[in-house]
Amino acid sequence: MLLTNLNAATMRNGYGLVADAAILIEHGKITWMGPRGVAPHHHHSINCGGRLVTPGLIDCHTHLVYGGNRANEFEMRLDGVSYTDIAKAGGGIFSTVRATRAQSDAELVSASLKRLDSLLAEGVTTVEIKSGYGLDVRNEIKMLRIARELGKLRPVDVVTSYLGAHALPQEFQHDRDAYLDLVCNEAIPTIAAQKLADAVDAFCEKIAFTVTETARVFEAAKAHGLPVKLHAEQLSNLGGAKMAAGFNALSVDHIEYLDREGVEAIARSGTVAVLLPGAFYYLREKQAPPVAELRRHNVPVAVSTDLNPGSSPIHSLLAAMNMACMLFGLRPEEALAGVTANAARALGLGDRGVIAPGMKADLVLWDTARPGDLSYPLGFNPLSAVIRNGTLVKGKLA
Ligand code: DI6
Ligand code: FE
């Protein structure tokens, strides 16, 4: 089909706006895009009424498969108890680990679908989902299988990351090395062999794993051909991002405390900086990521919800874009690049995130003319239609 009369934010070089554009879609791919006046003729042509079109949105960092509920911790934090103290007392991630282990597949699938549907309602066509709330091999595999299953139940591509090094399980509290042995020698080989994960992630932080421990996990990932990414410099500057750059990490995520040396390291390795303003907001952090330094070094910046039950229960990628602007000073153009072109890069996906010939035909039509309108409001969804792999999956085209 040929879509015409669109205001296209192609996301090639900033917005890459093409006014009065046409997009030719064949066999699930974009085969031509440009001004309507010079578009190839096609028997099935649809006038889209001047709406804005963007690439399908990509949420490149979520923990949306989990059991239980942590609203009690929200209240504790409002009473002044810190995220770190809650974690040290066996709550936080551990609380979700207990609940996730206890739930059946069916319970996890139905709870996760509700969260996923919130993202899809705003035009997400690719979502990354991490494990990390099972920790033992059986429950991590359970999480990854369920994440893959969600991609069959809904019109969305699911990319998975194994996050076994999310927290030291309580049953290993006195034997850190034994847990890392399990991650490196059992979990990663099994998960790689069964193709359950597309990447390996870790949480490098005082309440989680050291730089040396994380490097060990990355060595195992590398040995099994899996790319890596890292939760780094969220609450303190340990130098995790720099280490991750040495492994050519796809992304380093959070990075509020990243210093100049760290920015230079990720600039050299081509690693994407993923900003997660939801966690910054919920934890009432004070230090924002080094956005000016990232710009100066031309580091690609992505934006994501970090959807999780503890530090970022935000179920809206549009809200994350707004928060990235309001809290971190991103421009709306950078926020949109952060959930399209740069989010694709953070997942190592070269076939999406921009509107161009050869790309997957994942597109969102919006009832608004200007792309800046996507980052400006909060709690307003101007979505009009979603096309995935060239097929209409939501809304109307004409
Ligand atoms: N950083 C995060 O933002 C999530 N995990 C992590 O390492 C939060 C996990 C949680 O609190 O449940
Ligand atoms: Fe996270």
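Just so it is clear, the structure is predicted and the values come from calculations on it, not from any experiment.

Thoughts on the pairing of strand E1 (residues 2–9)
Here is step 1: The buried fraction of E1 is high, at eight of eight residues.
Here is step 2: With three bridges joining them, E1 and strand E4 (residues 45–47) adopt parallel strand pairing. The partner of leucine 2 across the bridge, within E4, is serine 45.
Here is step 3: Examined bridge by bridge, E1 and strand E2 (residues 17–26) share five bridges and lie antiparallel to one another. If you follow alanine 9 over to E2, its bridge partner there is leucine 17.
Here is step 4: Judged from the two bridges that link them, E1 and strand E5 (residues 52–55) form a sheet pairing that is parallel. Bridged to asparagine 7 within E5 is leucine 52.

Concerning the pattern of salt bridges
Two side chains that carry opposite charge are able to pair once their charged atoms sit near each other.
Here is step 1: Summed over all chains, the structure comprises 20 salt bridges.
Here is step 2: Between aspartate 181 and arginine 216 there is a salt bridge; the shortest N-O distance is 2.5 Å. In this pair, aspartate 181 is assigned in helix H6 (residues 176–193) and arginine 216 in helix H7 (residues 211–223), connecting sequence segments 35 residues apart.
Here is step 3: Note on arginine 216: relative accessible area 30%, which makes it partly exposed.
Here is step 4: The structure contains a network of salt bridges with shared partners spanning Asp157, Asp351, Arg352, Lys360, Asp362 and Arg388.

Basis of the calculations
- Residues numbered from 1 in each chain as written.
- Chains lettered and ligands numbered in written order.
- Predicted model: local features only at pLDDT ≥ 70, side-chain atom pairs only at ≥ 80, totals over all residues.
- Heavy atoms only, no water.
- Buried < 20%, exposed > 50% of the residue type's maximum accessible area, 1.4 Å probe, protein only.
- Helix = DSSP H or I, 4+ residues; strand = E, 2+ residues; numbered from the N terminus.
- Pairing = 2+ DSSP bridges.
- Salt bridge = Lys/Arg side-chain N within 4 Å of Asp/Glu carboxyl O.

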